[in-house]
Amino acid sequence: MGRKSFRFVLLLLALLSILVAAPLAADEFRSPSLTALRVDWRAALDQLRIEINSRPQIAGDFIFAPRRSVPRYDPRAMPALVQLNAISSRFFTGITRSPVPVLLPFDAAAYLEAQRSGAPATLALSRYQADFNPVDMFDAGPAGYSATFSFEPGAGEGMPGRVFARPVEVQITGSALVYDIADPSGGKGEPVKPLAATYPDLRKFIREGFVRYAFTRFGVAYVVSIQCLDSIARPRRLACKEAYPVAERFLKALRVAGGQRMRPLTDIASNVIDRPAARSPEFSYRPSGDIIPNTGYRKQGGHPDTIAYAQIRFPLGKAPAFVRSQSYSKRDKNEGLTAYPWRDNFCESRSFEVWQCAGGYGHQGEDIRAADCPPPGEGREPCDPKQRGVVAVRDAIVIRGAKDQAATLQVNSRTEHIRFRYMHMNPQAMNADGVLNGRIVTEGEKIGVISNYLDHPAGTSMHLHFDVQVFTRDGWIWVSPYVTLVSAYERLIRARGREVGPEIAGAPQPVAHALPEDVLKPDLREGSSGEDN
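The structure reproduced in this document is the subject of the present report. (Residues numbered from 1 in each chain as written. Predicted model: local features only at pLDDT ≥ 70, side-chain atom pairs only at ≥ 80, totals over all residues. Heavy atoms only, no water.)

A word on the overall build of the protein
Then comes step 1: Scanning the protein from N- to C-terminus turns up eight helices and 26 strands.
Then comes step 2: Counting all 533 residues of the protein, 54% fall into the buried class.
Then comes step 3: Pairs at least 24 apart in sequence give 71% of the contacts found in the protein among residues at least 6 apart.
Then comes step 4: Split by element, the accessible area of the protein, about 23600 Å² in all, is 54% carbon and sulfur. (Helix = DSSP H or I, 4+ residues; strand = E, 2+ residues; numbered from the N terminus. Buried < 20%, exposed > 50% of the residue type's maximum accessible area, 1.4 Å probe, protein only. Contact = heavy atoms within 4.5 Å. Areas by Shrake-Rupley, 256 points an atom, 1.4 Å probe, with all protein chains shown as cover.)

Put into structure tokens, the structure is as follows:
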């Protein structure tokens, strides 16, 4: 039996053991299961030696002989990596925090040789990055690293012309942690013949709005991706066929840019999560997957998912808050956007690919609404519906360009590699508040206010769209955040909610007045924008 087949059998047995040995009670939640990959730093060092030796003028500067007089995980044990990190960290801050070899389109040897030859300091960095612009976002941490680069129209010798008139954004993630999910679409793709010699297991596929190139190197899972549409080329929408040459140029340019050997990560088993002992007299929620009837893709139902993918702070500043459909609320017999019970809307019909939803299409996340302001009265706190705070759900790094409508928070730790995306806050306000690439936020920190921005102000109703992505061997994919939000809300109110089935949900429990009907228009473009979705 091959190594891949053996690992698949082990994973299958682990998943079966969860289902058989530890059956869930009707309303119990579980944490996710993750696999830790073993990094082959010797192979990475051999690859670095090949890359450095291609530049004889500086090859003698690097010390590849290991130092055995220092502990195994001391950076000095691999002097060549220390030297490489010293060069790369000028452009990729924190690169030494990555426990996996950092592959980037940065030719450190060419850069060092040019500096040795007296190249002017003003020479564009893109010269050493296969004509890709300086990095837009770089984050390295205990699980791995992520980076985003852009490629200008007309850049790159020998590149074909394209209709798309904007820079193409290319993302890469390398991770030693992958989430174990029952994903029938995972592991598929076609080989890329021109790159087969360099990346023998490279898979190319289009998934959830991105063309992706997944491969394993040095024991690590890497994925390069570009957001695109599998359609005809347009000036404002990147067609996937125009993205392919950019992605392949990126892959050909990848070099070992840094990283540091650290103590290996360990596999993480799924467990039943703790919930408050006290019971809330008010908070109730329908089961995961119980969407409003006939609102799924081609009138199909939702997807039950009892995984709380992370222990987070609830994304709204205060309770009460309500997870309810914004697009199909009038079809819900329990009318009232600001009333319990909550109702899942992850698999509501949209044009977005979502692997967990029937037919492969869904909403990607959940819509959350704050309670309406009560009438003014003596002793009540002032309430402004336009100043409802949105907060960071975890200590994280921000991923967001100045033109992006969405803000993403990424958690990169020894036990998690996960992203949380917020939508419909005003981009200009986020820019003014510095919610931009690289900013570090702390759990509970205010990062904005609930708004109605979708391509323009008042483009949707006043609510927050919140979604979750986890890293797998297919890259970052959407997972249902519903149970994650239920769990977070219970911690916020310090009480356990009551799950109510479709047949016993009863009348809604009003908490505040409903919004006027004129803002309850269906929002079929939820989450869409040229930059973000």
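That covers the picture; the talk isn't over yet.
Brief notes about the sheet that holds strand β5 (residues 168–175)
Then comes step 1: Across the sheet, which stays open at both edges, the six strands sit in the order β3-β4-β5-β9-β8-β7 with antiparallel pairing between neighbours. Two strands bound the open sheet, and with one partner strand each, they are β3 (137–141) and β7 (203–207). On average, adjacent strands in this sheet sit at an angle of 20 degrees to one another, irrespective of strand direction.
Then comes step 2: In the sheet, β3 pairs with strand β4 (residues 144–151) via five bridges, with the strands oriented antiparallel. Counterpart to D139 in the pairing with β4 is S146.
Then comes step 3: Contacts from helix α6 (residues 240–253) reach β4, β5, β7, β8 (210–217) and β9 (220–227), with the element oriented near 25 degrees to β8. (Pairing = 2+ DSSP bridges. Axes fitted to C-alpha atoms, helices over the stretch in contact; angles between N-to-C directions.)

Let's talk about the pairing of β7
Regular strands show a simple pattern: their side chains alternate between the two faces of the sheet.
Then comes step 1: Counting buried residues in β7 gives four out of five residues, a clear majority hidden from the surface.
Then comes step 2: In this sheet, β8 lies alongside β7 in antiparallel orientation, the contact comprising five bridges. When the sheet's bridge partners are listed, R207 is paired in β8 with F210.
Then comes step 3: What sits between β7 and β8 in their antiparallel hairpin is a turn of two residues, with E208 showing a positive phi close to 50 degrees.

Examining the side chain of R212
Then comes step 1: Here R212 lies in strand β8.
Then comes step 2: Side-chain polar atoms of R212 contact the backbone oxygen of R207, separated by 3.1 Å.
Then comes step 3: Aside from chain neighbours lying at most four places away, what touches R212 is R203, K204, F205, R207, V223, V224, S225, D474, G475, W476 and I477. (Polar contact = N/O pair within 3.5 Å; in protein donor to acceptor, adjacent residues only side chain to side chain.)

Examining the side chain of R350
Then comes step 1: Turning to its location among the elements, R350 is positioned in the loop between β13 (339–340) and β14 (352–353).
Then comes step 2: At a separation of 3.1 Å, a polar atom in the side chain of R350 contacts the side chain of S327.

Points about the nonpolar core
Then comes step 1: Counting 122 residues, the largest nonpolar core has L104, Y145 and W342 as the members making the most contacts within it.
Then comes step 2: It is α6 that contributes the most residues to this core, seven residues altogether. (Core = buried A, V, L, I, M, F, W, Y, C linked by side-chain atoms within 4.5 Å.)

Describing the packing of aromatic side chains
Then comes step 1: Taken as a whole and assessed by the stated rule, the structure comprises 30 aromatic pairs.
Then comes step 2: On the basis of an interplanar angle of 85 degrees and a centroid distance of 5.3 Å, the ring pair of F132 and F250 is categorised as edge-to-face. Of this pair, F132 sits in the loop between α5 (108–116) and β3 while F250 is found in helix α6, placing the two residues 118 residues apart along the sequence.
Then comes step 3: For F132, a relative accessible area of 0% puts it in the buried group.
Then comes step 4: In this structure, K204 is placed above the aromatic ring of Y244, and the distance from its NZ or CZ to the ring centre is 3.5 Å.
Then comes step 5: Sitting over the ring of F29, R275 keeps its end group 3.9 Å from the ring centre. (Phe/Tyr/Trp six-rings, centres within 6.5 Å; stacked < 30°, edge-to-face > 60°. Lys NZ or Arg CZ within 6 Å of the ring centre and 35° of its normal.)

Observations regarding the environment of L337
Then comes step 1: Topologically, L337 is positioned in the loop between β12 (321–323) and β13.
Then comes step 2: L337 sits 15 residues away from F322 along the chain, and the two C-alpha atoms are 7.2 Å apart.

Structural notes on α5
Then comes step 1: Burial of α5 is extensive: seven of the nine residues sit out of reach of the surface.
Then comes step 2: Three or more residues of α5 are buried, namely A108, A109, A110, Y111, L112, E113 and A114.
Then comes step 3: Positive backbone phi, approximately 85 degrees, marks G118, located one or two places after α5.

Focus on the pattern of salt bridges
Then comes step 1: Summed over the entire model, instances satisfying the criterion amount to 16 salt bridges.
Then comes step 2: For D131, the salt bridge identified is with R249, shortest N-O distance 2.9 Å. Of this pair, D131 sits in the loop between α5 and β3 while R249 sits in helix α6; the two residues are 118 residues apart in sequence, bridging distant segments of the chain.
Then comes step 3: Note on R249: relative accessible area 18%, which makes it buried. (Salt bridge = Lys/Arg side-chain N within 4 Å of Asp/Glu carboxyl O.)

Some remarks on the state of the cysteines
Then comes step 1: All told, the structure shown has three disulfides when counted by the stated rule.
Then comes step 2: Two residues share a disulfide in this structure: C228 and C240, whose sulfurs sit 2.0 Å from each other. On the sign convention where negative is left-handed, the bridge of C228 and C240, at about 85 degrees about the S-S bond, is right-handed. With C228 in the loop between β9 and α6 and C240 in helix α6, this pair connects stretches of sequence that are 12 residues apart. Pair check on accessibility: C228 and C240 agree, each one buried.
Then comes step 3: Disulfide pairing places C347 opposite C357 at an S-S distance of 2.1 Å. Taking the sign of the S-S torsion, about -90 degrees here, the bridge from C347 to C357 comes out left-handed. (Disulfide = S-S within 2.5 Å.)

The values reported here are purely geometric and, on their own, carry no functional implication.
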